[in-house]
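Chain residues, written in single-letter form:
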Amino acid sequence: MANVQAILSALEVFSRAPDKAAIEQANTWLQDFQHSSEAWSTCNVLLLSPDAPLHAKIFAAQTFRTKVTYDLADMSTPDLLQLRETLLKALETYHAGPRNILLQICLAISGLALQLPAWEDPVQDMIDAFGRNPATVPALLQFLTVLPEEITTNTKIPITDDEYKERASKLLTANATKVTDLLSMYLQAPGATFTVQTQIFNALSSWLAAGEIVVMSLLNSPLIPYSFQALSSEELFDSAVSVVCDLIHETQEVEDNMPVIELIVPQVIALKPKLVDYKDDPEKIRGLARIFAEAGEAYRSLLLHHPETFFPIVEAIGECSAYPDLDIVPITFSFWMRLAQSIGKRSSVSPLFLDAYRALMNVIIRHLHFPAETASLTGQEADNFRSFRHVMGDTLKDCCYVLGTETCLIAAYEMITNALSKGPNASWQEIEAPLFAMRSIGAKVDPNDDKAVPKIMDLIPSLPPHPRVRYAALLIISRYTEWINKHPDYIPFQLQYISAGFEDSDQEVNAAAGQALKFLCQDCKRHLVEFLPQLHTYLATMGNKLVQDDKVQVYEAIAYVISAMPMEQAAQSLRTFSLDILEHVHALSAKTTPPTKEELTSIAHDLENLEVMLGVIQSFGEHLPAACQNTHQEAWAVFEPFLVKYGSEYSICERTTRVLRLGLTFFGPATLPILPSVLARMASCFEATGFSSYLWMAGKIIGRFGNEEDPTLRSAFQDIFERASNKLVLMLQEKPAEMMPDVLEDYLQMLLQMIDYAPDVFFPSPAFPIAFRVAMAALTLVHSDIVFAALDLLRTIFSHDCLAPASRPPPPKFPIYAAAIRPVVEREGQALTGYLLSGLVGDFPEESIGMVVSIFRVLGGLWPTQLHAWLPPVVAQLPTTAVPEQAKNSFLADINTSIQSGDFDKVKYAVRSLHRASRKARERRRAGPMDG
């Protein structure tokens, strides 16, 4: 057959040297083939051909499964019954494997069984056909394993809820007892191999997970005792662990399952000695840890009510938590968390549990120790260990919940003092790990504590100067700043310790010092006002020695202190720090020689520091203090020549516009006299550079002051709109839209502000048609935010009241707006509908579909004749790979009906139906022709 050879040729592409274009072409061809009706017969030929290569047979089996999922709707019952025979024949052929082919055939049969009511009893028929011969039993067990999984998880099968309930009940619920008896029989059959026994456990797990086999029904079955016995078998251990965990999980409704729990628990407890037997086998310990943790979680209430019987399970979980392999330890964490929550709800608890959490705390802190030789960790290993320490920190919080924060802090404190008592023999790890623990539970600390925390704070100065210890101590200061705020006598010492951290040669210690200073100033700002001159002096003397990440934290810290001052004093302090930076900006502007790269980097850092300060302080309110009265004019007199000279440097552009944006918030309406000048400079800079930040800044100005009636300001709005639009036209001629998404986004955001606040500028402008075309171009980008902005702008244009004014006569400017909109829509309408529909069946975000509906409703209501003419050629061009022909035809028919009836609510139905059809086609193709 020609198709067979074409398939083999397409599949051959995947085994050759990688050629992306060839692979994509082959992939598309194979997907198109899977959609075709010829795929049924061609794949049957491939499956049954002894000469076909293995990868072709696998593809054929996968195609059967795919087509059963998606393509049965148009087949008659006789054809479906014939398909059943084809699949059963294929299963008979491949009953011994290969497994990937066998699996796909079983999945296809399961999907068919769900959709074919005429197949009265598929499970019994499969047992009759494959359950009598030992050679075909593995194929039957594979089918029984995947049947519940496919029925409960394959949501892509097109079947109604009622059909699903009826069919699932017949396939699964009605056969649960039969399957249980069958599995028990096979398990006890003489000569049953380990492979078959593993399959039996897998099938049992599948039916348990689906909720179809109830554990109570297994009370007198050999399945439960044999599952535990299999834990002693090397070959069956992994599958036995899984089925035992499933059995326990399904008995968590304790009152309903007590008889079977009484059967399971002694066997679980009997596994405890194996933790010693298998101590050198991490995989065995992992399996046992899963069982104990599952039992602990499922029987949590029994543990608390009957510790005399169930506490050995807690002890076993504690041993697993103490195991040195840190990949195994977290298996137990969920148990400790849930048990802690349950203990917290009880008025009293057995001392056994308190002892268990004390032991757990010691175990976790031991696990927190860095290796003796930290260099032995690779970069990724070190990152993983650091991440895992934070996970362990959450378990320490569980210990606090049970034992009390003070108890845990004192215990960690005593670990450190014991280590310090060893003198030079103490390792830094013995000190750092309890410090990390103190930091982890810092959120639980009572700000009024006067027992544990003072001891810790008094201990910090005596800690050794090892960088990891100093780093951990600084982060404790960061975490305990709310406590320090209530105990301000500690602040001078804290500042001294933090200052020493900035002078450390280790960069991580420097960063921790910056973080500590930031949080200290944030939470203790009122106590730190008197220290502000000291901080200013510190910046002047030490600032150049700090890396920027640390310096910016110092500026942020200072800003928090300033925000706590009385307004006049705060304004004067802010002015002092700001003028330091503005002097640097002015000096660079006045420089007659080209700046070095280092100078530009330094000034960008200065601007970042100013930005951070303004970001914290935000504003002093509507009435500026005297110290700030003319600062905005002074600042703009510095920034404008600076932008003229260096605005083509991207980093300078970014930092300067961010500072200007915050200045807009800080000074508020006081900036109105300089805004035309600012907007003109933004326009000039954008024309010169094409940097989007200049448009972003303009959009912020329009959004804040768009309602102002000042003619000079509104003229400035029009000026930047038209100059930016003309520049954008030139840019789009030089490179495609997808190469400058940031420019398009900030342009569109500026227009959204303009249409809201300055429609009198937006609509009559000669730049309006350009804005409309740019919005259409933005619809082609695979950027959700940009697509949303473009659709929002278009929807706002189409829904503007000027097109259908509610009052007569309409407001005087409405006819002007409408006269601007109508010719643009009539000229661009066909292209617009093309962009909208391509995005609808393509990459538009799900949440944007409502906006598309809104636009089409207006088009149908105000331009019905044009829409009727625009749509057929546009819809014809939509690729059938994106949306089937039937869906396209239905869309056109529904839109035409809506237009003819004047019922534009039907537009919503038509658009959403087209979108749903395309989404189904997309999901099918996303799976790929070679995916099972």
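Fair warning: this is a prediction, and the values are worked out from it, not measured in the lab.

Colleague: A description of the overall build of the chain should follow, citing residues and the corresponding values.
Modeller: Within the chain, the secondary structure is distributed over 47 helices and 0 strands. Each principal axis of the C-alpha distribution contributes one length, and for the chain these read about 95 × 90 × 55 Å. Burial statistics for the chain: of 932 residues in total, 52% are counted as buried. Relative to all contacts within the chain whose residues are 6 or more apart in sequence, the contacts with residues 24 or more apart total 74%. For the chain, the exposed surface amounts to about 40,800 Å²; the carbon and sulfur share of it is 51%. Side-chain charges in the chain split into 75 positive and 108 negative, and the spacing between the mean points of these groups amounts to 2 Å.

Colleague: Pulling in residues and values, what's your account of the pattern of salt bridges?
Modeller: Side-chain pairs of opposite charge can arise where the charged atoms are in close proximity. This structure, assessed with the given rule, holds 32 salt bridges. For Arg132, the salt bridge is made with Asp128, and the minimal N-O distance between the two is 2.6 Å. By relative accessible area, Arg132 is classed as exposed at 60%. A relative accessible area of 35% means that Asp128 is categorised as partly exposed. The partner of Lys591 in a salt bridge is Glu599, and the shortest N-O contact between them spans 3.6 Å. Classification of Glu599 as partly exposed rests on a relative accessible area of 28%. If you follow the salt bridges from partner to partner, you end up with Glu608, Glu611, Arg655 and Arg658 in one network.

Colleague: Tell me about helix H38 (residues 711-734), and name the residues and values.
Modeller: Taking 1.5 Å per residue as the helical rise, H38 with its 24 residues ought to reach 34 Å, and the 35 Å between its terminal C-alpha atoms agrees with that figure. Those residues of H38 not exposed but buried are Leu713, Arg714, Ala716, Phe717, Ile720, Phe721, Glu722, Ala724, Ser725, Lys727, Leu728 and Met731. Where the residues of H38 are buried, they touch helix H36 (675-689), helix H37 (692-705), helix H39 (741-757), helix H40 (759-762) and helix H41 (768-778).

Colleague: Would you mind going over the packing of helix H10 (residues 176-188) against helix H11 (residues 194-209) in detail, with residue names and values included?
Modeller: The axes of two packed helices give the description: the angle between them and the distance between them. One way to put it is that H10 packs onto H11 with a least axis distance of 10 Å and a crossing angle of 160°. For the element pair H10 / H11, the angle class is roughly antiparallel. In terms of crossing hand, the pair formed by H10 and H11 is left-handed. Between H10 and H11, the contacting residues are Ala176, Val179, Leu183, Tyr186 and Leu187 on the first element and Gln197, Ile200, Ala203, Leu204 and Trp207 on the second. Of the residues contributing to the contact of H10 with H11, the split by class is 9 nonpolar, 1 polar and no charged.

Colleague: How would you sum up the packing of aromatic side chains? Please name residues and give values.
Modeller: By the definition in use, this model includes 25 aromatic pairs. Relative to Phe891, the ring of Phe856 lies with its centre 6.4 Å away and its plane at 85°, an arrangement referred to as edge-to-face. Of this pair, Phe856 sits in helix H44 (residues 849-862) while Phe891 sits in helix H46 (residues 885-901); the two residues are 35 residues apart in sequence, bridging distant segments of the chain. For the pair formed by Phe856 and Phe891, the shared burial category is buried. Aromatic rings pair up to connect Phe721, Phe762, Phe763, Phe768, Phe772, Phe798, Phe814, Tyr817 and Trp863 into one cluster. One residue, Arg84, lies across the ring of Trp119, its end atom 5.2 Å from the ring centre.

Colleague: Tell me about the environment of Ile213, and please be specific about residues and values.
Modeller: If you trace the backbone, Ile213 turns up in the loop between H11 and helix H12 (223-229). Ile213 sits 41 residues away from Leu172 along the chain, and the two C-alpha atoms are 9.0 Å apart. Once residues lying within four places of it in the same chain are set aside, the contact partners of Ile213 are Ala176, Val179, Thr180, Leu204, Trp207, Leu208 and Leu218.

Colleague: Before we move on, could you go through unusual backbone geometry and cite the residues and values that matter?
Modeller: Of note, the amide linkage connecting Gly97 to Pro98 takes the cis form, showing an omega dihedral of 5°. Along the polypeptide, Pro98 turns up in the loop between helix H5 (77-93) and helix H6 (99-115). A positive phi angle, close to 65°, is found at Gln618, a residue other than glycine. Its place among the elements puts Gln618 in the loop between helix H33 (597-617) and helix H34 (631-646). Residue classification places Gln618 among the partly exposed residues on the basis of a relative accessible area of 37%.

Basis of the calculations
- Residues numbered from 1 in each chain as written.
- Predicted model: local features only at pLDDT ≥ 70, side-chain atom pairs only at ≥ 80, totals over all residues.
- Heavy atoms only, no water.
- Helix = DSSP H or I, 4+ residues; strand = E, 2+ residues; numbered from the N terminus.
- Buried < 20%, exposed > 50% of the residue type's maximum accessible area, 1.4 Å probe, protein only.
- Contact = heavy atoms within 4.5 Å.
- Areas by Shrake-Rupley, 256 points an atom, 1.4 Å probe, with all protein chains shown as cover.
- Lys, Arg positive; Asp, Glu negative; His and termini not counted.
- Charge placed at Lys NZ, Arg CZ, Asp CG, Glu CD.
- Salt bridge = Lys/Arg side-chain N within 4 Å of Asp/Glu carboxyl O.
- Expected span 1.5 Å × (residues − 1).
- Axes fitted to C-alpha atoms, helices over the stretch in contact; angles between N-to-C directions.
- Parallel < 35°, antiparallel > 145°, perpendicular 65-115°, else oblique.
- Left-handed = near helix turned anticlockwise from the far one by under 90°.
- Nonpolar A, V, L, I, M, F, W, Y, C, P; charged D, E, K, R; others polar.
- Phe/Tyr/Trp six-rings, centres within 6.5 Å; stacked < 30°, edge-to-face > 60°.
- Lys NZ or Arg CZ within 6 Å of the ring centre and 35° of its normal.

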